[in-house]
Amino acid sequence: MDKWGIIGLVHDLDYEMYPEEHCKKVRSILKEENWPESYIRAIVSHGWKLCSDVEPVERMENVLYAIDELTGLINATALMRPSKSVMDLEVKSVVKKMKSKGFAAGVNREVIIEGVQRLNMELNQAIDETIKGMRKVAEEIGLKGTVS
Ligand SMILES: [Fe+2]
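Below or above, wherever it landed, is the structure these notes cover. Along every chain, residues carry numbers that run from 1 in the direction the sequence is written. Where totals are concerned, whole chains, interfaces and linings use all residues; where local detail is concerned, this predicted model gives features only for residues with pLDDT of at least 70, and gives and counts side-chain atom pairs only at 80 or more.

1. Quick notes on the overall build of the protein chain
- Think of it this way: any DSSP run of H or I at least four residues long counts as a helix, any run of E at least two long counts as a strand, and we number them from the N terminus. When helices and strands are counted, the protein chain shows seven helices and zero strands.
- It is over C-alpha atoms that the radius of gyration is taken, and the globule rule equals 2.2 Å times the number of residues to the power 0.38. The globule rule puts the C-alpha radius of gyration for 148 residues at 15 Å, and the 16 Å found for the protein chain is close to it.
- Over its C-alpha atoms, taken along the principal directions, the protein chain stretches across nearly 45 × 30 × 25 Å.
- Any residue whose C-beta has 12 or fewer other C-beta atoms within 10 Å is treated as exposed, any with 20 or more as buried, and any in between as partly exposed, C-beta atoms being built from the backbone. The burial tally for the protein chain puts 28% of its 148 residues in the buried class.
- We call two residues in contact when their backbone-placed C-beta atoms lie within 7 Å. A separation threshold of at least 6 residues defines the contact pool for the protein chain, and within that pool the share at least 24 residues apart is 60%.

2. Quick look at unusual backbone geometry
- Residue lysine 49 is not a glycine yet carries a positive backbone phi of 70 degrees.
- In this fold, lysine 49 is placed in the loop between helix 3 (37–45) and helix 4 (59–80).
- Judged by the 12 C-beta atoms lying within 10 Å of it, lysine 49 falls in the exposed class.
- At alanine 104, a position not held by glycine, the phi torsion is positive, near 40 degrees.
- One can find alanine 104 in the loop between helix 5 (91–99) and helix 6 (109–118).
- You can call alanine 104 partly exposed: it has 18 C-beta atoms within 10 Å.

3. Some points on the environment of glutamate 55
- Its place among the elements puts glutamate 55 in the loop between helix 3 and helix 4.
- C-alpha of glutamate 55 to C-alpha of valine 44: the two residues are 11 residues apart in sequence and 8.7 Å apart in space.
- Glutamate 55 has contacts with Ser45 and Trp48, leaving out every residue within four places of it along the chain.

4. Examining helix 7 (residues 123–136)
- Multiply 1.5 Å by the residue count of a helix minus one, and that product is the helix's expected span. Over its 14 residues, helix 7 runs 20 Å from end to end, which matches the ideal 20 Å to within 8%, given 1.5 Å per residue.
- Restricting attention to buried positions, one finds in helix 7 the residues Ala126, Ile127, Thr130, Ile131 and Met134. The buried residues of helix 7 occupy an angular sector of 130 degrees when the element is viewed end-on, so they sit on one face. Projecting away from the buried face of helix 7 at angles above 90 degrees are the exposed residues Lys132 and Lys136.
- On its buried face, helix 7 sits against helix 4, helix 5 and helix 6. Note that the arc is defined by the directions from the helix axis to the C-beta atoms.

Structure follows, in structure tokens:
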């Protein structure tokens, strides 16, 4: 597996056992296992301004920062639909839900907006690409729904 895949997989490593110390505990855990600093940095920076003061700098760090929140919003939006699917989900539905403050309140809109800016992308473009990425793995992430 490549670096992006590994970091995507383990970035919430400390969340389950140490929810109060999320983004903090992971450094010592991975250091003990001799993980490279660049991996640790990328993982810690996904919680910038939320649970860490390490700023995402590299492109991959910024992608993780923005898309971690954005996938949460897309996931919640897809599950609200009759089809429960990401396959027929449109960008405008996600934008609408993003503006609705009470919806999926745990998703930090500011992180999405800032993260997308840091990627030099337009919000709609970022949502579109993320939906497309999620469609490729819809089965695995439980968002295939009733759309065949
Ligand atoms: Fe996290």
